[in-house]
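Analysis of the macromolecular model
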Amino acid sequence: MLDKKWLYFLLIIVLLSTILLMCLVPPVSRDALTHHLAVPKLYVQQGGVIELPDIIPSYYPQLLDLIYCIPLMFNNDIVPKYIHFSFALLTAFLVLNYTQKKVGSIYAFFSVLFFLSMPVIVKLSVTVYVDLGLIFFSTASLLCLLKWHEQKTFFWVILAAIFCGLALSTKYNGLISLFLLTFFTPVIYLKMEKKNLSIQFKALGFAFMFFFISIFVFSPWMIKNYIWTKNPVYPLYDNLFNSNDELNNNKTTSKPTMNHFLVRKHVYKEPWWKTALIPVRIFFQGEDDNPKFFDGKLNPLLLILPIFAFVSFRAYKPGQDFFEQKVLLSFSFLYIMSVFFQQDMRIRWIGPAIPPLVILSAYGVKNIFRKILPQIKKNDKGMYIYRGCIFISTAFVFSMMSLNGIYLYKLFKYVDPLLYLSKRVTREEYIEKYRPEFAVLNFSNSNLNENTKLLGLFLGNRGYYSDHEINFNTGDLREIIKKSNTCNDILSELKLLKFTDIVLNYEKFNNWVNVNFSKQEKIIIKDFFNLSVIISFTKGGYGLYHLK
């Protein structure tokens, strides 16, 4: 099986064709509709980048989001999926280029198939997110540093720093890459040179140079945020940068949240030992759209195979490859642990750790079949054991890889691109199937005038498909209700804020009312909907109301 490169190539073609088909449907993923498409759409409408205080993600780095503006200028929201997917292909090329030189073509093609078919990579490839951009730039930066170690050419350090700056410009998780790669820069240099005091100072110099070049590339986003918020990495560490300042009344700030370890304990009822094992569990227990199980899937082989990259029964002297393997493993381990300690785990947030583990998996597979198992083949009896071990190892790797194929099949059934491409449903019907609020937003787009301002209640902040200005701040409505004595007071306050219509999710709105308001306040809310608004449209558990 392992000497049939064409088989890997064929499987890769099938995989890519399936992903390309799934990319052809309208975008319905949550973050695409809340900011990755919604914010660029607003920039296109306004003719440039503007401050959007009510949309906190608009302060995040937006390198890829600005690229998405180009197809959105032509009312095309399918092309951004292909732009995002292209970064998966670029990362696969980096993995192929590196592994082909280190372990040979057969194992290189295995690593490409393994990476591109990884469930989280497949899921990201068919969505308009930015994580694949972060994965590509972080991997490129890391591999450039390893190229520097190999060729001892100063150019590779500069290029690594530029790629790291682009990772920062894509997503704030790039900060983890920045600090890890800055740390690895002097470590790699000291490995290249004899260790003495002057060399140690020079190594620190390389680290500072790497850090500041990366920050320079990232600086436009820092300058923008500093001008708007006095915090270059807003909303991160805002208590540090704006600790003595009054919050701007027009700016929506994040509410304090429970520590993610406490969430695991009290919300998910998870014992401490299960929480401690999350860095291992992510390889076995992932589940899409379920934050308890990390909102994504990996493959157990991604944990198992790298172990064999460091195992051999034959004594050998560690060389350059062994050092690079340790760097790859250390980067992945530290990246996963950084995410684990900083925030509740999501599979896509550890994305930059995946390509190094895939590369180590290629080393591991080669070691299994070319170094470890051949040690058994010493006599006739050993030959039978050897063949049995080859069969078992091949069957195990194949069965674990088949998990990726099963995931691909299930995702294809869920996305159901043929339903849309065969024109059995319209674009509107397809979107409504996955986002039931779309029916109400589509009605408002067609029937309300251009001066409409919507108050969106419990729509998940998904505003991309609204052509009108829409605000999702339930906090403002809560304060208005608390200080109102009659339903007319609520109406007057909403009109002062220039709202003309309300879109709401009935179930979640009713739950919110029951939890947050007294009996008298509930009567005022009921009077408001009976006397102060007119129902315009309702469908799928969502309603549109016009203020009288």
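Note: the structure precedes this text.
In this report, we go over the structure that sits alongside the text. (Residues numbered from 1 in each chain as written. Predicted model: local features only at pLDDT ≥ 70, side-chain atom pairs only at ≥ 80, totals over all residues. Heavy atoms only, no water.)

1. Topic: the nonpolar core
Residues L116, I121, W148, I282, L298, L302 and M345 are the most contacted members of the largest nonpolar core, which totals 131 residues. Ranked by residue count, the leading element in this core is helix α8 (residues 131-151), at 12 residues. Excluding its chain neighbours within four sequence positions, the residues that come into contact with I121 are A88, F115, L116, L132, I135 and I354. Counting residues in each nonpolar core, the second largest holds 22 residues, with F499, I502, I524 and L547 among its members. (Core = buried A, V, L, I, M, F, W, Y, C linked by side-chain atoms within 4.5 Å. Buried < 20%, exposed > 50% of the residue type's maximum accessible area, 1.4 Å probe, protein only. Helix = DSSP H or I, 4+ residues; strand = E, 2+ residues; numbered from the N terminus. Contact = heavy atoms within 4.5 Å.)

2. Some remarks on helix α24 (residues 487-496)
Turning to α24, its buried residues are C487, I490, L491 and L494. Taken around the axis of α24, the buried residues stretch over an arc of 100 degrees, which confines them to a single face. Tucked inside the fold, the buried residues of α24 contact β1 (453-457), α23 (474-483), β3 (501-505), α26 (519-532) and β5 (542-547). Just downstream of α24, K498 is the residue with a positive phi angle, here 70 degrees. (Arc of directions from axis to C-beta.)

3. Notes on the sheet that holds strand β4 (residues 533-539)
Pairing is mixed across the open sheet formed by five strands, whose spatial order is β2-β1-β3-β5-β4. Both outer strands of the open sheet, β2 (469-471) and β4, are each paired with one neighbouring strand and no more. Along the sheet, successive strands turn relative to each other by an average axial angle of 25 degrees, direction set aside. Pairing of β1 with β3, which is carried by four bridges, proceeds in the parallel orientation. Directly across from L457, in β3, lies its bridge partner L504. Packing of helix α22 (residues 438-447) onto the sheet brings it into contact with β1, β2, β3, β4 and β5, and relative to β4 it is tilted by some 125 degrees. (Pairing = 2+ DSSP bridges. Axes fitted to C-alpha atoms, helices over the stretch in contact; angles between N-to-C directions.)

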